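Given next are the chains, with one letter for each unit.
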Amino acid sequence: MRVGSALEIYEPSGIADGLVAWILRRALRLLLRPVFSPKRSIPFQRRWLHALTRFAPLPRGIEVVRDSVGEVPGEWLRQRGVAPAKAGVLLYLHGGAYCLGSPATHRALTARLALATGLPVFAADYRLAPEHPFPAALNDALGTYRALQTQGPVVLAGDSAGGGLALSVALAIRDAHLPPPAALYLISPWVDLSPEGGVARVPRGEVMLSAPWAGDCARHYAGPAPAETAIIDSGQNRLEQPEISPLRARLGGLPPTLIQAGTDEMLYGQATELHAALQAAGVVARCEITAHRWHVFQMHGGILRSADEAIGRSARFLMGPIAAAATPAHSHHAVVILGAGMSGLCMAIGLQRAGIRDFVILEQQDGLGGTWWDNTYPGAHVDVPAPLYSFSFEANPDWSDRFASASEIQAYMQKVAERYRLLGRIRLATRITAADFDASTARWHFTTARGDTFEAPFFVCSAGPLNQPRWPDIPGLQDFQGTRLHSARWDSSCNLAARRVAVIGTGSTACQLVAPLAREARQLYVFQRTANWVMPRLDRRYTALDRLLAKFPPYAALVRWIWMQTLELMRRGFDEGTWVRRGLLTLAASHLKRQVPQASLRAKLTPNYPLGCKRIIYSNDFFPSFSLPNVELVTEPIERITAYGIVTADGCDRPIDVLVCATGFDVGHMLSSVRVRGLQGRSLREAWNQGPEAYHGISVPGFPNLFLLLGPNTGTGHTSTLLFIEAQVRYAIACIRAVRSGHHRWIDVRAQAFREHNDRLQTRLSGSVWSHCRSWYRLENGRVIALFPGYTREYVRALHRPNLGDFELV
Ligand code: NAP
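This one's a predicted model, so the numbers in the text were calculated from it and none came from an experiment. (Residues numbered from 1 in each chain as written. Predicted model: local features only at pLDDT ≥ 70, side-chain atom pairs only at ≥ 80, totals over all residues. Heavy atoms only, no water.)

Q: Describe the pairing of strand β19 (residues 500-504), and please don't skip the residues or the numbers.
A: β19 sits mainly inside the fold: four of its five residues count as buried. Chirality of the crossover, the property in question, places the unit of β19, helix α13 (residues 508-520) and strand β20 (residues 523-527) among those that are right-handed. As defined by bridge partners, β19 adjoins strand β27 (residues 658-661) across four bridges and the pair is classed as parallel. Counted as the bridge partner of isoleucine 504 is cysteine 661 from β27. (Buried < 20%, exposed > 50% of the residue type's maximum accessible area, 1.4 Å probe, protein only. Helix = DSSP H or I, 4+ residues; strand = E, 2+ residues; numbered from the N terminus. Right-handed = clockwise from strand over helix to strand, strands pointing away. Pairing = 2+ DSSP bridges.)

Q: Describe the site of the ligand, and please don't skip the residues or the numbers.
A: Taken together, 26 residues lie near the ligand, and His381, Thr509, Thr530, Lys614 and Trp776 sit nearest. Here an oxygen atom of the ligand and a backbone polar atom of aspartate 383 are 2.9 Å apart. Interatomic distance of 2.9 Å between a backbone N/O atom of threonine 506 and an oxygen atom of the ligand. For the ligand, whose accessible area on its own is 900 Å², the fraction buried by protein is 89%. (Near = heavy atom within 4 Å. Polar contact = N/O pair within 3.5 Å; in protein donor to acceptor, adjacent residues only side chain to side chain. Areas by Shrake-Rupley, 256 points an atom, 1.4 Å probe, with all protein chains shown as cover.)

Q: Hey, could you go over the side chain of glutamine 298 for me, with residue numbers and the actual values?
A: Position of glutamine 298 among the secondary structure elements: in the loop between β9 (285-290) and α9 (305-325). Within the structure, glutamine 298 has its side chain in polar contact with the side chain of glutamine 260 (distance 3.0 Å). If sequence neighbours within four positions are ignored, glutamine 298 has contacts with Leu109, Tyr185, Ile187, Gln260, Ala307, Ala310 and Ile311. (Contact = heavy atoms within 4.5 Å.)

Q: Requested: an account of the sheet that holds strand β4 (residues 89-93), with residues and values cited.
A: Pairing in this open sheet of nine strands is mixed, and the strands run β1-β9-β8-β7-β6-β4-β5-β3-β2 from one edge to the other. Bordering the open sheet on either side are β1 (7-10) and β2 (62-69), each of which pairs with just one other strand. Shown here is a sheet whose adjacent strand axes are inclined to one another by a mean of 20°, direction ignored. Bridge count for β4 against strand β6 (residues 154-159) is five bridges, and the pairing is parallel. Pairing of leucine 91 across the sheet is with leucine 156, part of β6. Packing against the sheet, helix α4 (residues 136-148) makes contact with β2, β3 (72-79), β4, β5 (121-124) and β6, and its axis sits at approximately 175° to β4. (Axes fitted to C-alpha atoms, helices over the stretch in contact; angles between N-to-C directions.)

Q: Can you break down the state of the cysteines residue by residue, with the values?
A: Where two cysteines share a covalent bond between their sulfur atoms, that bond is called a disulfide. All told, the structure shown has one disulfide when counted by the stated rule. Sulfur-sulfur distance for the disulfide between cysteine 613 and cysteine 773 comes to 2.0 Å. Of note, the bridge from cysteine 613 to cysteine 773 carries an S-S torsion of about -110° and is left-handed in sense. Of this pair, cysteine 613 sits in the loop between α17 (599-604) and β22 (617-618) while cysteine 773 sits in the loop between α21 (751-766) and α22 (792-798), and the two are 160 residues apart along the sequence. One exposure class covers both cysteine 613 and cysteine 773, and it is buried. We note that cysteine 461 lacks a disulfide partner, and the nearest cysteine sulfur, in cysteine 346, lies 15 Å from it. For cysteine 461, a relative accessible area of 3% puts it in the buried group. Between cysteine 661, a free cysteine, and cysteine 494, which holds the nearest cysteine sulfur, the sulfur-to-sulfur gap is 13 Å. (Disulfide = S-S within 2.5 Å.)

Q: Outline α13, supporting the account with residue identities and numerical values.
A: The largest bend along α13 reaches roughly 35° and is located at valine 514, with the proline proline 516 sitting one to four residues downstream. Most of α13 is tucked away, with 10 of its 13 residues classed as buried. Taken residue by residue, α13 has Thr509, Ala510, Cys511, Gln512, Leu513, Val514, Ala515, Pro516, Leu517 and Ala518 as its buried positions. (Bend = angle between axes of the 7 residues up to and from the residue.)

Q: Can you break down the environment of valine 360 residue by residue, with the values?
A: Assignment of secondary structure puts valine 360 in strand β12 (residues 359-362). Setting aside its immediate chain neighbours within four residues, valine 360 contacts Ala85, His333, Val335, Val336, Ile337, Arg425, Arg427 and Phe454.

Q: Go over unusual backbone geometry with me, naming the residues and quoting the values.
A: Residue proline 130 follows alanine 129 across a cis peptide bond; omega there is 5°. With respect to the secondary-structure elements, proline 130 resides in the loop between β5 and α4. The omega angle of the peptide bond from phenylalanine 134 to proline 135 is 10°, so this bond is cis rather than trans. As for its placement among the helices and strands, proline 135 is situated in the loop between β5 and α4. Phi is positive for arginine 421, close to 55°, though the residue is something other than glycine. Structurally, arginine 421 is set in the loop between α12 (406-419) and β13 (426-427). Despite not being glycine, alanine 429 shows a phi value in the positive range, around 50°. Take alanine 429: it is sitting in the loop between β13 and β14 (432-438).

Laid out in structure tokens, this is it:
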């Protein structure tokens with residue numbers, strides 16, 4: 001997870017959210033503000049709060065179990081019927097100014113946190129003032145933490161006074177040299193109880209709190225001064241003690257911290273002050289402020305979209321630190337999914353729908369999204385219309401452009417993961433190094449780089465073909481002394497302004513990169529080995545009307561269907577002599593002529609291989625970049641890279657500061673970073689010594705219960721890869737069902753069926769357009785390993801139902 005130290009402002013959007021906020025705001029003002037007052041007795045306030053929270057809607061699928069941890073009572077909130085997929089718990093300390101509240105009053109929030117994070121939440125019923133002044137609450141919270149931390153990483157979370165208490169506990173843990181929490185999540189934390197603590201500045205939008213009430217509760221919490229100090233200790237002094245007002249403490253050495261608050265609350269200033277203080281102390285801290293929202297608005301999840309979004313963001317923030325803090329462990333599951341990209345998420349959703357809930361997704365990166373997490377280079381976007389680049393069952397009405405940016409797609413996937421409650425089942429920063437099938441137990445055994453071990457009867461490998469960046473094999477690459485970047489591992493902190501930049505490659509990635517880099521760099525050299533076919537990109541911004549219409553499922557389905565049929569037609573463009581191909585050739589030629597008026601430059605940019613052999617590029621700004629005075633297209637072959645530049649075959653040495661390699665991915669060695677061993681210890685590497693191949697791209701003989709998603713020969717050059725993914729997921733699940741329902745141990749594709757399938761494929765491919773040039777679709781030995789040669793419907797139909805005759809069910 002990219003854990004930033006930023007202060008982010010979120011503007012809630014949507015008419016429904018605004019309307020619900022308007023109603024809630026008035027209800028809170030009416031029902032709570034008059035009660036949260038020094039004029040009301042504490043017991044009355046407690047009873048009132050309890051009575052009100054009975055009406056808070058609880059999400060489904062959560063079980064609440066009373067328990068006591070570290071001799072402190074409380075309640076567990078867990079997903080019902082789902083074994084946790086990762087280690088860790090969240091210790092929640094409720095708000096209520098240290099005098100009110102209980103786990104029950106905050107259940108609407110803690111239940112949603114359990115769902116969003118996938119972590120069991122323990123809400124502690126710590127002792128309250130005035131009966132139990134400081135340090136009773138701190139001691140209870142610390143005792144609970146001590147007991148919980150033996151079970152794995154603990155996230156310390158709390159709201160309002162509970163947020164302040166969580167911070168105090170974290171400081172006490174640090175000072176006592178106990179194992180630290182994995183992260184802190186502080187919602188509208190009350191961290192300075194002194195009268196100078198900023199609570200006197202109450203914003204107009206505050207709906208429930210008041211300075212006199214806070215002052216009264218603070219004094220209750222501070223309690224009476226010890227007799228021996230009573231004369232000099234006015235009570236106010238105690239409120240300034242860092243144990244009570246942790247904002248006044250030394251904050252260094254705390255774990256990653258997320259603070260959330262609203263602009264319309266009395267504690268808004270304390271949230272931003274705490275964020276600044278944490279940053280100054282060198283703590284990784286993120287502060288998320290939601291505009292026009294009140295104190296602990298996250299309590300209204302389920303009815304207020306901005307509350308759900310804030311809870312979702314908290315789960316995202318916490319995923320990385322939890323993964324990093326977990327100690328190596330062993331766990332059993334029904335299915336292990338490798339990779340949290342589009343295909344991994346689709347598989348997880350498919351499993352859930354099939355009633356198989358005990359799965360875990362292991363993702364090597366710090367965030368989900370697969371290629372859309374990896375590729376953050378400037379200008380990264382998809383070249384398939386976004387309505388078709390979303391799951392058929394999960395339309396996204398919010399796309400801003402027809403060709404969505406990488407960050408927008410990643411956000412879509414994040415939303416999908418949250419909506420289907422997958423976050424709790426994803427283990428980030430967990431790289432599988434080995435997967436071995438044990439025939440005696442019919443289980444796959446997995447080892448991760450950190451030493452975790454997993455086992456499961458079924459293994460779904462959704463690593464995707466484009467995950468291993470390929471560096472160019474150019475002499476001197478390692479000697480380069482400037483900044484060296486690969487497009488798939490972009491470093492956004494790299495400043496390109498006023499620098500000399502070289503881009504090697506002119507594939508799909510480079511063609512997206514060049515225009516944004518040209519705008520920034522002082523000088524840009526683009527090193528082209530092979531010119532590409534470039535088509536106009538029919539992009540457009542979606543208007544508010546588009547987005548409104550897209551909310552209606554029939555409209556969204558129609559738009560998707562139209563794009564699917566249009567792109568399917570493009571498949572004809574790969575066949576010689578078709579009118580589609582003639583049309584595409586004419587379009588490409590006129591695009592080049594229109595965008596590149598100079599004949600000599602046009603000659604350099606004219607491809608010398610058949611259209612479609614490499615991936616067709618859709619771009620409106622690639623060609624025009626070469627008309628800019630700071631951009632040079634270099635077609636002379638690169639001879640070597642030196643410490644400070646690139647030397648071409650004509651002896652020309654171009655000095656550069658930054659070298660960008662947009663040189664693609666290592667597809668030929670698919671899955672090479674994982675040692676996969678099937679029956680008789682045979683490795684996938686041995687099985688694939690002539691290059692990757694699989695039956696329908698999914699199954700490999702000798703590797704039972706293994707399902708590849710986006711495996712060999714399932715790529716597409718004309719449409720959305722999601723169409724292939726959904727078909728593969730249905731197929732893999734049907735195979736899993738066949739094993740389970742027949743009480744078999746495993747399913748393994750027959751070698752003959754596998755051979756015949758691949759021979760047929762290669763025969764088709766050998767005469768195709770893809771066999772005529774060098775590309776990532778094809779190995780050195782000429783075998784095309786990446787693409788499916790036919791129409792999408794042909795592939796989808798073939799996967800409609802597994803032909804069990806082609807498999808051995810053991
Ligand atoms: P790529 O298509 O493999 O292109 C690599 C580029 O680097 C080519 O121009 C290649 O030249 C050049 N290159 C490699 N080694 C070189 C060397 N030693 N010296 C000089 N040039 C060298 O990789 P990519 O552009 O990253 O795209 C890969 C795939 O990712 C695409 O085909 C597409 O499927 C996917 N992608 C999709 C999108 C999207 O919008 N959906 C965006 C980006 C990428 P040659 O052509 O001469 O080999």
